[in-house]
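Okay, here's what each chain looks like letter by letter:
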2 protein chains.
Amino acid sequence: MRPTLADVAKLAGVSVATASRALSNPDLVADGTRRAVREAAASCGYKINLVARSLRIQRTDTLLVLAPCIDNSFYPALVRSIEDTALAMGYAIIIGFTNKADRHREAYAELLSAGRVDGLLVMDGGSGVDRFTGPQPDLPVVQVFDKIYETQVPVVRVDEQQVADLAVHQLASMGHRRIAHISGAADRHSARERREGYRAAMARLGLPVEDQLVKNGHGHREGGAEAMKQLLELPLAPTAVFCANDTMACAAMDVCRDRGIHVPGDISFIGADGTADGLFAFPSLTTVNVPRAEAGSRAVEKLVGLIRGQAVMPDTVLPVELKLRGSCAPTRTAVAA
Amino acid sequence: MRPTLADVAKLAGVSVATASRALSNPDLVADGTRRAVREAAASCGYKINLVARSLRIQRTDTLLVLAPCIDNSFYPALVRSIEDTALAMGYAIIIGFTNKADRHREAYAELLSAGRVDGLLVMDGGSGVDRFTGPQPDLPVVQVFDKIYETQVPVVRVDEQQVADLAVHQLASMGHRRIAHISGAADRHSARERREGYRAAMARLGLPVEDQLVKNGHGHREGGAEAMKQLLELPLAPTAVFCANDTMACAAMDVCRDRGIHVPGDISFIGADGTADGLFAFPSLTTVNVPRAEAGSRAVEKLVGLIRGQAVMPDTVLPVELKLRGSCAPTRTAVAA
DNA sequence: GCGCACAACTTAAACGCTTTAAATTGTCAA
DNA sequence: TTGACAATTTAAAGCGTTTAAGTTGTGCGC
């Protein structure tokens, strides 16, 4: 049998209460006692039982992290930084992926309500965090990106419209006027916002906002490629494309390459997110970087704050930044001018 | 206050023992009683406290999964399948990344020894699973890939030498004789085995095994690119390269493209692992697929088996498979012949 | 010498559940 | 009517901690 605190106490000739204090609250016992208990614990290989501790102190020091997936190139950096920050703050993370069967959602909702975690970090705003928590979560919840405005859940996010704005402005400043947009999955808040941001930016710049220049790429490679093909079939093809994420942008560039269309000579691309995808594309992809690692840590800090009783803070909005790389260039006319 | 079983019992007019049974062991109570308890539970919003349950039954139904990282394109599929299978078998997973500071290792070793998980799944064979478990783990452990022969830990893996063998044979069958190898991180078992497998296959085929044709790419893009550059500077450059993973293969192909060397016309490539990297490369990368998703489920099944008291089974060795894609072609001389 | 403050420690209860062993109830045969 | 037996239910003992409340002992001022 694993030794318990009682064994340690007996060995050290003190009560379990003292043994407990000697190990976890050293200032409350005399020097000699502390040493005796420590030695007893070491000599019998005592290890605390965290489950018992959790039951007693009503804390698990564990966070549940729900991500839609992990093979998406957007999430790994986020998840890593969450894990890193959580660990530094004394929390372990249980991870769950939610874009699978409903079975998953239910299982995790169960974990949440059954007191096995102290808080929830959702990255899957998708169609509402209340699927996991109910309308009035009795557990601290923080959401990362993809804000759902209907709920009052604190969020760490970026200004998604600004993402689009930076991209469109960059292209416009290079002389592009026919700027297309390949948008992301319709159920994602970020995708909707980026599309709106694109429209707004185009309008502000006095550029034509044609419906045919906006195609839905559904956020993935195949959709991006298909959308690009449609754009290339237009009577008057765009000279630049802003894609709602890097994955689609890379796929779109590949379509161009396959057809002998030169990037950025014939057409320019800007992606969004700032994933590694674009870094290794050819040409390397200009993108609007979304600081995922920082979002991860900030979200954990926020969540831990809530758990520890801090008042709900306003949304955290992180800055985005344009990363100018090889995939966009001034229009020929701009060059000629 | 959250209602407890005692509240439910009082509400239903039975003892807590009966309430407990009615909810978790329904055959042991009479029909009417069961219904009454169920209704009482529902009416007061009772949710079981899993921590208390865990303490009592001495199980946590949680697994610790340690991965070196997640942004590596190799691991996501593995982690997802682990999560999926674990959930289906009634386990949650705590995930930890171990290629960070030692702080991480220690924290997770603590979790392990403190009874917060029922078992451990390690993907980071790196320099020995005993860093986490000590020489005699008192907890079930299963390792995925990267077997460490010194320890007696059951493992789910592939035949890494066969990975190399399939690649070399394919290239040789296309007429290649000067086949180079870009190897992976020296501390990884898979990398060492693949290099040995390359040597053995070359020798068996009677092909020259020159030290200068073997470069260390350290498993990552930069290393792969650098290794490729060195290979191209050889007096007699190789006509084909087997890379120990897809990431390096893609980087190596990019180097060729930048220098105007045509793939597969001038030089052929085969990678290994079967990650999405190679699928979207140009040309798409021939690779030796390592069934990561299946390895994940098998590992979980094995681990849960151990937890439930099954005897230790022999290693599980999964089959690998060559995926022929656009990055390799017969040599010019072979074509001419 | 008495009372008091204070430090050091112990006792005992609590956290919320499961499960063994014992008690209760009901049924039926003798 | 009684006893045997099965079917339910209950009381109580844990699971291994933490901690509020209580006890003991020491030194100190008076």
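Residues numbered from 1 in each chain as written. Chains lettered and ligands numbered in written order. Predicted model: local features only at pLDDT ≥ 70, side-chain atom pairs only at ≥ 80, totals over all residues. Heavy atoms only, no water.

Novice: Mind laying out the overall build of chain A, listing which residues take part and the relevant values?
Specialist: Tallying secondary structure elements over chain A gives 14 helices and 12 strands in all. By the compact-globule yardstick of 20 Å for 337 residues, chain A is too spread out, its C-alpha radius of gyration being 26 Å. Here chain A holds 337 residues, and the buried ones make up 54% of them. For chain A, the proportion of contacts with a sequence separation of at least 24, taken over those separated by at least 6, is 69%. If you sum the accessible surface of chain A, you get close to 14,200 Å²; carbon and sulfur atoms cover 52% of it. (Helix = DSSP H or I, 4+ residues; strand = E, 2+ residues; numbered from the N terminus. Rg over C-alpha atoms; globule rule 2.2 N^0.38 Å. Buried < 20%, exposed > 50% of the residue type's maximum accessible area, 1.4 Å probe, protein only. Contact = heavy atoms within 4.5 Å. Areas by Shrake-Rupley, 256 points an atom, 1.4 Å probe, with all protein chains shown as cover.)

Novice: Pulling in residues and values, what's your account of helix H1 (residues 5-12) of chain B?
Specialist: Residue and element names in this part refer to chain B. Taken residue by residue, H1 has Val 8, Ala 9 and Ala 12 as its buried positions. Looking straight down H1, one finds its buried side chains confined to an arc of 100°; they lie on one side. When the buried face of H1 is taken as reference, the exposed residues oriented beyond 90 degrees from it are Lys 10 and Leu 11. Where H1 is buried, its residues contact helix H2 (16-24) and helix H3 (31-44). In the stretch just after H1, Gly 13 is the one whose phi turns positive, near 70°. (Arc of directions from axis to C-beta.)

Novice: Can you explain the protein's contact with DNA strand D? Please cite residues and give values.
Specialist: Taken together, 26 residues are adjacent to DNA strand D, and Ser 20, Tyr 46 and Arg 56 of chain A together with Thr 33 and Arg 56 of chain B come closest. Sugar and phosphate atoms constitute 63% of the interface atoms of DNA strand D, taking the interface as everything within 4 Å of the protein. Between a phosphate oxygen of DNA strand D and a main-chain N or O atom of Ser 15 of chain B, the distance comes to 2.8 Å. In the model, a base oxygen of DNA strand D is placed 3.2 Å from a nitrogen or oxygen of the Arg 21 of chain B side chain. Going through the elements one at a time, helix H2 (16-24) and helix H4 (50-57) of chain A together with H2 and helix H4 (50-57) of chain B are the ones with two or more residues in the surface near DNA strand D. Of the residues that constitute the surface near DNA strand D, the class distribution is 12 nonpolar, eight polar and six charged. (Near = heavy atom within 4 Å. Polar contact = N/O pair within 3.5 Å; in protein donor to acceptor, adjacent residues only side chain to side chain. Nonpolar A, V, L, I, M, F, W, Y, C, P; charged D, E, K, R; others polar.)

Novice: Help me get a handle on the nonpolar core, residues and values and all.
Specialist: In a soluble, globular protein the nonpolar side chains are often hidden away together inside. Counting residues in hydrophobic clusters, the biggest one holds 149 residues, and the most contacted among them are Met 228 and Phe 269 of chain A together with Met 228 and Phe 269 of chain B. With sequence-adjacent residues up to four places away left out, Met 228 of chain A is seen in contact with Ile 182, Val 241, Ala 252, Val 255, Cys 256, Ile 267 and Phe 269 of chain A. (Core = buried A, V, L, I, M, F, W, Y, C linked by side-chain atoms within 4.5 Å.)

Novice: I'd like to hear about the protein's contact with DNA strand C, residue by residue, with values.
Specialist: Neighbouring residues of DNA strand C: 25 residues in total, closest Thr 18 and Thr 33 of chain A together with Leu 5, Tyr 46 and Arg 56 of chain B. When atoms of DNA strand C within 4 Å of the protein are sorted by moiety, sugar and phosphate together comprise 64%. Taking Ala 30 of chain A, its main chain carries an N or O atom lying 2.7 Å from a phosphate oxygen of DNA strand C. At 2.6 Å, a side-chain N or O of Tyr 46 of chain B approaches a phosphate oxygen of DNA strand C. Of all elements in the fold, only H2 and H4 of chain A together with H2 and H4 of chain B reach the threshold of two or more residues within the surface near DNA strand C. Of the residues contributing to the surface near DNA strand C, the split by class is 11 nonpolar, eight polar and six charged.

Novice: Lay out the packing of helix H1 (residues 5-12) of chain A against helix H3 (residues 31-44) of chain A with the relevant residues and their values.
Specialist: Residue and element names in this part refer to chain A. The N-to-C vectors of H1 and H3 enclose an angle of 120°; their axes lie 8 Å apart at closest approach. Between H1 and H3, the interaxial angle falls into the category oblique. For H1 against H3, the interelement crossing comes out right-handed. For the pair formed by H1 and H3, the contact residues are Val 8, Leu 11 and Ala 12 on the first element and Ala 36, Val 37, Ala 40, Ala 41, Ser 43 and Cys 44 on the second. Of the residues contributing to the contact of H1 with H3, the split by class is eight nonpolar, one polar and no charged. (Axes fitted to C-alpha atoms, helices over the stretch in contact; angles between N-to-C directions. Parallel < 35°, antiparallel > 145°, perpendicular 65-115°, else oblique. Left-handed = near helix turned anticlockwise from the far one by under 90°.)

Novice: Mind laying out the sheet that holds strand S7 (residues 214-216) of chain B, listing which residues take part and the relevant values?
Specialist: All names here are of chain B. Here we have six strands laid out as an open sheet, ordered S7-S6-S8-S9-S10-S12, and mixed in their pairing. With partners counted over all chains shown, the strands left at the sheet margins are S7 and strand S12 (321-323), one partner each. Averaged over all pairs of adjacent strands, the angle between strand axes in this sheet comes to 20°, irrespective of strand direction. Taken together, the three bridges between strand S8 (residues 240-243) and strand S9 (residues 268-273) define a ladder with parallel strand orientation. By the bridge assignment for S9, Ala 240 is matched with Ser 268. Relative to the sheet, helix H8 (residues 160-173) contacts strand S6 (179-183), S8, S9, strand S10 (286-289) and S12, its axis offset from that of S8 by approximately 165°. (Pairing = 2+ DSSP bridges.)

Novice: Before we move on, can you summarise the packing of helix H6 (residues 102-113) of chain A against helix H5 (residues 75-88) of chain B with the specific residues and values?
Specialist: The angle between the axes and the distance between the axes are what describe a pair of packed helices. Put simply, H6 of chain A and H5 of chain B touch, their axes get as near as 11 Å, and they point 70° apart. The angle between the axes of H6 of chain A and H5 of chain B places the two elements in the roughly perpendicular class. Note that H6 of chain A runs across H5 of chain B; the crossing there is left-handed. Contacts from Arg 103, His 104, Ala 107 and Tyr 108 of chain A of H6 of chain A reach H5 of chain B at Glu 83, Asp 84, Leu 87 and Ala 88 of chain B. Looking at the contact of H6 of chain A with H5 of chain B residue by residue, the classes come out as four nonpolar, one polar and three charged.

Novice: Let's hear about the domain arrangement of chain A: which residues, and what values?
Specialist: Residue and element names in this part refer to chain A. For chain A, the assigned domains are domain 1 (5-48), domain 2 (62-157 + 292-318) and domain 3 (160-290). Its C-alpha centre places domain 2 at a distance of 29 Å from the equivalent point of domain 3. Contact residues are listed per partner, giving 14 residues for domain 2 and 11 residues for domain 3. Summed over both sides, the interface between domain 2 and domain 3 buries roughly 970 Å², with carbon and sulfur atoms accounting for 38% of that surface. Among the residues of domain 2 in contact with domain 3, Ser 73, Asp 146 and Arg 292 are the three that bury the most area, contributing 48% of the side total. The interface formed by domain 2 and domain 3 includes zero salt bridges. Our count for the contact surface shared by domain 2 and domain 3 stands at four residue pairs in polar contact (both at pLDDT 80 or more). (Domains from an automatic or database assignment. Buried area = accessible area lost by both parts, 1.4 Å probe. Salt bridge = Lys/Arg side-chain N within 4 Å of Asp/Glu carboxyl O.)

Novice: Can you lay out the relation of the copies chain A and chain B for me, pointing to particular residues and giving the numbers?
Specialist: When chain A is brought onto chain B, the operation consists of a screw motion whose angular component is 180° and whose axial shift is 0.0 Å, with 0.1 Å RMSD remaining. What the rotation and shift describe, once combined, is the action of a two-fold rotation axis. If distances are taken from each C-alpha of chain A to the rotation axis, the shortest is found for Ile 94 of chain A, at 2.1 Å. (Least-squares fit on C-alpha atoms with pLDDT ≥ 70 in both.)

Novice: Help me get a handle on the pattern of salt bridges, residues and values and all.
Specialist: Residues and elements named next belong to chain A. Within the structure shown, the criterion is met by 27 salt bridges over all chains. Linking Arg 199 and Glu 196 is a salt bridge whose minimum nitrogen-to-oxygen distance equals 3.6 Å. Taken as a pair, Arg 199 and Glu 196 lie in helix H9 (residues 189-204) at a separation of three residues, close to a single helical turn. For Arg 199, a relative accessible area of 26% gives the class partly exposed. Judged by relative accessible area, which is 34%, Glu 196 ranks as partly exposed.

Novice: I'd like to hear about the sheet that holds strand S10 (residues 286-289) of chain A, residue by residue, with values.
Specialist: Residue and element names in this part refer to chain A. The mixed open sheet is built from six strands, whose spatial order is S7-S6-S8-S9-S10-S12. Among the strands making up the open sheet, the edge pair consists of strand S7 (214-216) and strand S12 (321-323). Each adjacent strand pair in this sheet contributes to an overall mean axis angle of 20°, direction not counted. For strand S9 (residues 268-273) and S10, the ladder comprises four bridges, and the chain directions are parallel. Note on S10: the bridge partner recorded for Gly 271 is Thr 287. Seen against the sheet, H9 touches strand S6 (179-183), S7, strand S8 (240-243) and S9 and runs at an angle of roughly 170° to S6.

Novice: Just give me the short version of the side chain of Arg 221 of chain B, but keep the residues and values in it.
Specialist: Mapped onto the elements of the fold, Arg 221 of chain B is located in helix H10 (residues 221-232). Taking relative accessible area as the criterion, Arg 221 of chain B reaches 16% and is therefore assigned buried.

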